[in-house]
Amino acid sequence: MVSRRDMLAGLAAILAPVAAQASTPPKPSKPAKPAVDRKRPPPPAEPRLIIAINKVSQKMTVTLDGDTLYRWPVSTGARGYDTPSGTFRPFRLEKEHYSAEWDDAPMPYSIFFTPGGHAVHGSYHIKSLGRRASHGCVRLHPDNAAKLFALVRKTGMSNTRVVVKGGLFAGGDETTRSPIKVDLFGLFD
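An account of the accompanying structure is given in this report. All figures in this text were calculated on a predicted structure; none of them were measured in a lab. (Residues numbered from 1 in each chain as written. Predicted model: local features only at pLDDT ≥ 70, side-chain atom pairs only at ≥ 80, totals over all residues. Heavy atoms only, no water.)

The next point concerns the sheet that holds strand S10 (residues 138–140). Pairing is mixed in the open sheet, where 4 strands are placed in the order S5-S8-S9-S10. The open sheet terminates on both sides in strands that have one partner only, identified here as strand S5 (92–94) and S10. Each strand of the sheet is rotated relative to its neighbour by a mean of 15 degrees, with strand direction disregarded. Two elements, S5 and strand S8 (residues 110–112), share 3 bridges in a ladder whose sense is antiparallel. By the bridge assignment for S8, Glu 94 is matched with Ser 110. (Pairing = 2+ DSSP bridges. Helix = DSSP H or I, 4+ residues; strand = E, 2+ residues; numbered from the N terminus. Axes fitted to C-alpha atoms, helices over the stretch in contact; angles between N-to-C directions.)

Bringing the packing of aromatic side chains into the picture now. In this structure the tally under the stated criterion is 3 aromatic pairs. Between Phe 88 and Phe 113, the ring centres sit 5.2 Å apart and the planes meet at 50 degrees, which makes this aromatic pair tilted. With Phe 88 in strand S4 (residues 86–88) and Phe 113 in the loop between S8 and strand S9 (119–122), this pair connects stretches of sequence that are 25 residues apart. Of the two residues examined, Phe 88 and Phe 113, each falls in the buried class. On the basis of an interplanar angle of 65 degrees and a centroid distance of 5.6 Å, the ring pair of Tyr 109 and Phe 149 is categorised as edge-to-face. Highlighted residues: Tyr 109 in the loop between strand S7 (105–106) and S8 and Phe 149 in helix H2 (residues 142–155), separated in sequence by 40 residues. For Tyr 109, a relative accessible area of 23% gives the class partly exposed. (Phe/Tyr/Trp six-rings, centres within 6.5 Å; stacked < 30°, edge-to-face > 60°. Buried < 20%, exposed > 50% of the residue type's maximum accessible area, 1.4 Å probe, protein only.)

In the Ramachandran plot, Gln 58 falls in the positive-phi region, its phi being about 55 degrees despite a non-glycine side chain. Counting through the fold element by element, Gln 58 comes out in the loop between strand S1 (49–54) and strand S2 (59–64). Since its relative accessible area comes to 3%, Gln 58 is described here as buried. The phi dihedral of Asp 65 is positive, around 50 degrees, even though this residue is not glycine. For Asp 65, the position within the fold is in the loop between S2 and strand S3 (67–73).

The next point concerns the pattern of salt bridges. Taken as a whole, this structure holds 3 salt bridges when the rule is applied. Here Arg 48 makes a salt bridge to Asp 65, at a shortest N to O gap of 2.8 Å. Within this pair, whereas Arg 48 is found in the loop between helix H1 (4–23) and S1, its partner Asp 65 is found in the loop between S2 and S3, the two being separated by 17 residues in sequence. Overall, the relative accessible area of 45% leaves Asp 65 in the partly exposed class. (Salt bridge = Lys/Arg side-chain N within 4 Å of Asp/Glu carboxyl O.)

The biggest cluster of nonpolar side chains holds 21 residues, and the ones touching the most others in it are Ile 51, Ile 53, Met 60, Val 120, Leu 140 and Leu 148. Among the secondary structure elements, those contributing two or more residues to this core are S1, S2, S10, H2 and strand S11 (160–165). Ignoring sequence-local partners within four residues, the contact set of Leu 140 consists of Met 60, Trp 72, Pro 73, Val 74, Val 120, His 121, Gly 122, Ser 123, Leu 129, Ala 145 and Leu 148. (Core = buried A, V, L, I, M, F, W, Y, C linked by side-chain atoms within 4.5 Å. Contact = heavy atoms within 4.5 Å.)

Okay, H2 next. In a regular helix each residue adds 1.5 Å, so 14 residues correspond to 20 Å; H2 covers 20 Å between its end C-alpha atoms and thus fits that length. Along H2, the positions that sit buried rather than exposed are Pro 142, Asn 144, Ala 145, Leu 148, Phe 149, Leu 151, Val 152 and Thr 155. Immediately downstream of H2, the backbone of Gly 156 shows phi near 100 degrees, a positive value. (Expected span 1.5 Å × (residues − 1).)

Below is the structure:
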């Protein structure tokens, strides 16, 4: 049989190293490195080139690194041929393209931004610029389309966004406009 004294001595021998660690002050540690999530890629960088299309005003604003470079009249989809609204990344550039869907219509300097075939491209129907007239694409003057095409090619499609805004209930513009007041009864004066 083990005496009580022997049992306490054995327990003290076991606990002594643990007690010694607890009584020593902790060593200053280096700041922990943030964990790197190797499964998830980093968030994409902000696009450098923004091609903003306003379907209400039928204008395009081209901005590079926050500086406005161009403002041009465009033609978006006519009634029944809507140009989709949203933010898109162009995925294909074609200097000379002809529409298989619309009687081989020329689409010079095409910048395709939807899988459905919507593109920003040059058009020889320059009298229609500034009003809705296309089958859903965004038409530009051919000279302006050539400038935009070169700019997208230089900047890179991955650094470019096509932003299409506007419609019946949307202002379609990135600037804030004051609402129109209709004062039929003289209440606002």
